[in-house]
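Coordinate analysis (summary)
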Amino acid sequence: MAGFNDIIGHEQIIQHLRNAITLDKISHAYILNGPEDSGKMMLAEAFAMVLQCEGEGERPCLACRSCKQAMDHNQPDIIYVSHEKPNTIGVDDIRAQINNDIGIKPYSSRYKVYIVDEAQKMNQQAQNALLKTIEEPPAYGVILLLTTNADSFLPTILSRCITLNLKAVKEDVIRSYLMKNYQIPDYQADICAAFSQGNVGKAVKLASSSDFADLKESVLQLMKRLSDIDLYEMTAAVKQIAEYKLTVNDYFDLMMIWFRDVLYFKATGDANGLIFKDEVYDIKKQAEKRSYQGIETILKALETAKVRISANVNFDLVIELLLLTIKEN
């Protein structure tokens, strides 16, 4: 658990929460809405720690009893709502852990803070049960709903909560953070930062993942030789991608970064702006061969392939069409 100062990006949300604390205008319910690994839990925990901090001066002080308990995840008035079913938060989970508990005054703090992770998994009955508590909460109750999809909530819940949407963190900020904290070289930080699309948690996972290194190597190998392979070799190329079937969207994203590099180099001739800087020789070769329209067609084909895979269209067929489009353009 970290304080606000340890969080990368999300300055506007942090400022909003700091202002609420300074002005003593804490809402009884917040929705933190953003992609997986985007920092929702870090923000929720930092906010909870500040609310419960017993120190003087800047909070969280990280030294008082409450802060130390919070950092060890055993502060009795910061409650993590759990659920047994992996894909559903049911009405019994909400009743047992929030509704039946919130009437009991805080054990040792000013507030009782409830952190509901994956709150989009609440079914309608669970949301209706929570609504009763949100409508008439005790003054000390603060409920934090962490979700990847705020649209899944009932309008009545949305109208009674303050929604804070997490925005993408700038690539250069993520890049510097990875190099400083994970001691990775600049070219690797470039790829992880670009690939993470502004998501710090995803970038950190990529920076320390050997699987991602294998995936990247497979993509680069295919991108460099695809225009030279014969049609009868397509089956082998499809099989190569099929090895990464479970992470095929990541495969597509790396292919997109490759073709964006080709497009960028074609337009500027500047190797310094490339993500795959160490592949400049092959990127230059492809930039010379491909037309602007051809590269745009490939990028659109990649987006289409993503949509088709998520719609459960035949995997091999989608990949074969994609590879033919790349080869033809």
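Okay, so let's go over this structure. (Residues numbered from 1 in each chain as written. Predicted model: local features only at pLDDT ≥ 70, side-chain atom pairs only at ≥ 80, totals over all residues. Heavy atoms only, no water.)

Observations regarding the pattern of salt bridges
Counting across every chain of the model gives ten salt bridges. Among the ionic pairs, Asp37 bridges to Lys205, the shortest N-O distance being 2.8 Å. Remark: Lys205 occurs in helix 9 (residues 200–207) and Asp37 occurs in the loop between strand 1 (29–33) and helix 2 (40–52); sequence separation between them is 168 residues. According to the relative accessible area criterion, Asp37 is partly exposed, its value standing at 32%. Note that Asp190 is salt-bridged to Arg175, the shortest N-O span being 2.4 Å. Of this pair, Asp190 sits in helix 8 (residues 186–196) while Arg175 sits in helix 7 (residues 171–182), and the two are 15 residues apart along the sequence. The exposure class of Asp190 is buried, given its relative accessible area of 8%. Using a relative accessible area of 27% as the deciding quantity, one classes Arg175 as partly exposed. (Salt bridge = Lys/Arg side-chain N within 4 Å of Asp/Glu carboxyl O. Helix = DSSP H or I, 4+ residues; strand = E, 2+ residues; numbered from the N terminus. Buried < 20%, exposed > 50% of the residue type's maximum accessible area, 1.4 Å probe, protein only.)

Let's talk about the side chain of Thr147
By the element assignment, Thr147 lies in strand 4 (residues 141–147). The contacts of Thr147, once residues within four sequence positions are left out, are Ile31, Leu32, Asn33, Gly34, Lys40, Ala119, Gln120 and Phe153. (Contact = heavy atoms within 4.5 Å.)

Quick look at the environment of Asn100
Considering the arrangement of structural elements, one finds Asn100 in the loop between helix 4 (91–99) and strand 3 (112–116). Judged by relative accessible area, Asn100 falls into the exposed class, the value being 57%. C-alpha separation for the pair Asn100 and Asn149, spaced 49 residues apart in sequence, amounts to 26 Å.

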